[in-house]
Amino acid sequence: MAVPVIDFSKINGEEREKTLSEIAKACEEWGFFQLVNHGIPLELLNKVKKLSSECYKTEREEAFKTSTPVKLLNDLLQKNSTEKLENVDWEDNFTLLDHSENEWPCNTSNFKETMVEYRGEVRKLASKMMEVMDENLGLPKGYIKKAFNEGMEDGEETAFFGTKVSHYPPCPHPELVNGLRAHTDAGGVVLLFQDDEYDGLQVLKDGVWIDVQPLPNAIVINTGDQIEVLSNGRYKSAWHRVLARENGNRRSIASFYNPSYKAAIGPPEMTAAAEEGSEKKYPKYVFGDYMVVYANQKFMPKEPRFLAVKTL
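Residues numbered from 1 in each chain as written. Predicted model: local features only at pLDDT ≥ 70, side-chain atom pairs only at ≥ 80, totals over all residues. Heavy atoms only, no water.

Per an unreviewed UniProt entry, the chain goes by Fe2OG dioxygenase domain-containing protein and derives from Brassica rapa subsp. trilocularis. Quoted verbatim from the Sequence similarities (unreviewed entry) heading of the UniProt record, the comment on the chain is "Belongs to the iron/ascorbate-dependent oxidoreductase family." (UniProt positions renumbered as here; feature names shortened; annotations may be inferred.)

The structure is reproduced here in structure tokens:
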């Protein structure tokens, strides 16, 4: 069993209906799929890979050696304990946001310019993907994007768009620590440019953890909790995790197109996703209120989150 791989270049050709169907099936059955021929220039992707690795090597690797995960693992080994560290992740990361360009977290030459360009390309791809989901769900074109952009005026987006740059360094005892604990993503659409050499990312499918195999220059798409709600459960946010590995330094660049914190999220009123007379399986709430709940329950079962959030 393998995570679906979809050729996105066919979305505008003779195989459009087939490609739409493949994406719909992947959203319904997996919540995870890999896009190839997605339109982001190969040259740009190569620069992102190179500069992200340089940034970690020159600016962050040394600091990770004295980080909390390393200290906790060393303490565990000194006690000769085989108990797994369940509440820590063997990960180095920083997040790039639209408003943080004056506080850039990496000084590697050309990194900032490259990531600004890359984030622009990924943002465009996120918009295309949301339109595909609109069409597959029988929603009006632009429905999901509009729902995420509360108070958008003159095309100025208010949605929360961030990019998390992560590295998972070699771990001497990967059996004792998680690379990243199992969770679902809180927001909307996640677009991941993962390492094309080192594996470790897994998605939960029918109770089995499946490897999301490295595929050069692919973009991994996964749906977050808010897409699950907007589809009234037709699309499910998928549980996923990252395993710590003894060898390799896995790179992961995840961009997430999330609702504005003020956006009201709930199942559609009258669509193919929520047909007349069908029960609405989720409450309507403000996304910022959901995030308050999620912050405390990220690594716990997701269903109680929807019950705990303040409803509109």
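That covers the picture; the talk isn't over yet.
Asks: If you had to explain the sheet that holds strand β10 (residues 219-223) to someone new, which residues and values would you point to?
Replies: Judged by pairing direction, the sheet is mixed, and its 7 strands sit side by side in the order β1-β2-β10-β7-β12-β5-β4 without closing on themselves. Both outer strands of the open sheet, β1 (5-7) and β4 (92-97), are each paired with one neighbouring strand and no more. Averaged over all pairs of adjacent strands, the angle between their axes in this sheet comes to 25°, without regard to strand direction. Examined bridge by bridge, β1 and strand β2 (residues 32-36) share 3 bridges and lie parallel to one another. Counterpart to Val 5 in the pairing with β2 is Gln 34. (Pairing = 2+ DSSP bridges. Helix = DSSP H or I, 4+ residues; strand = E, 2+ residues; numbered from the N terminus. Axes fitted to C-alpha atoms, helices over the stretch in contact; angles between N-to-C directions.)

Asks: Go over the sheet that holds strand β6 (residues 177-183) with me, naming the residues and quoting the values.
Replies: Strand order in this open sheet of 5 strands is β3-β6-β11-β8-β9, and the pairing throughout is mixed. This sheet does not close on itself; its edge strands, each paired only once, are β3 (85-89) and β9 (208-211). Averaged over all adjacent pairs, the angle separating strand axes in this sheet is 40°, with direction ignored. Examined bridge by bridge, β3 and β6 share 2 bridges and lie parallel to one another. Paired with Asp 89 across the two strands is Asn 178, which belongs to β6.

Asks: Give me the state of the cysteines: which residues, what numbers.
Replies: Applying the stated rule across the entire model yields 1 disulfide. Disulfide pairing places Cys 55 opposite Cys 106 at an S-S distance of 2.4 Å. With Cys 55 in helix α2 (residues 42-64) and Cys 106 in the loop between β4 and α4 (111-137), this pair connects stretches of sequence that are 51 residues apart. Residue Cys 55 is classed as buried on the basis of its relative accessible area of 1%. (Disulfide = S-S within 2.5 Å. Buried < 20%, exposed > 50% of the residue type's maximum accessible area, 1.4 Å probe, protein only.)

Asks: Could you give an account of α4, with specific residues and numbers?
Replies: In an α-helix, one turn spans 3.6 residues, which is why side chains three or four residues apart end up on the same side. Here α4 spans 38 Å end to end across 27 residues, near enough to the 39 Å set by a 1.5 Å rise per residue. At the C-terminal side of α4, Gly 138 shows a positive phi close to 75°. (Expected span 1.5 Å × (residues − 1).)

Asks: So what's going on with the pairing of β9? Which residues, and what values?
Replies: In this structure, strand β8 (residues 201-205) lies alongside β9, joined through 4 bridges in antiparallel fashion. Bridging across to β9, Val 203 finds its partner in Ile 210. Between β8 and β9, which pair antiparallel one after the other, the connecting turn spans 2 residues, and Asp 206 there sits at a positive phi close to 55°.

Asks: Just give me the short version of the pairing of strand β7 (residues 189-194), but keep the residues and values in it.
Replies: Burial within β7 is extensive, with 6 of its 6 residues counted as buried. Residue alternation in β7 divides its side chains into two sets, Val 189, Leu 191 and Phe 193 and Val 190, Leu 192 and Gln 194, and both sets are buried. Where β7 and strand β12 (residues 250-258) come together, 6 bridges link them in antiparallel fashion. When the bridges of β12 are listed, Leu 191 appears paired with Ser 255.

Asks: Give me the lowdown on the environment of Asp 134, citing residues and values where you can.
Replies: By secondary structure assignment, the location of Asp 134 is in helix α4. Among the residues examined, Asp 134 registers a relative accessible area of 1% and is labelled buried. Separated by 54 residues in sequence, Asp 134 and Asn 80 place their C-alpha atoms 54 Å apart. Those residues in contact with Asp 134 that sit more than four places away from it in its chain are Leu 139, Pro 140, Lys 141, Gly 142, Tyr 143 and Ile 144. A distance of 2.9 Å separates a polar side-chain atom of Asp 134 from the backbone nitrogen of Gly 142. (Contact = heavy atoms within 4.5 Å. Polar contact = N/O pair within 3.5 Å; in protein donor to acceptor, adjacent residues only side chain to side chain.)

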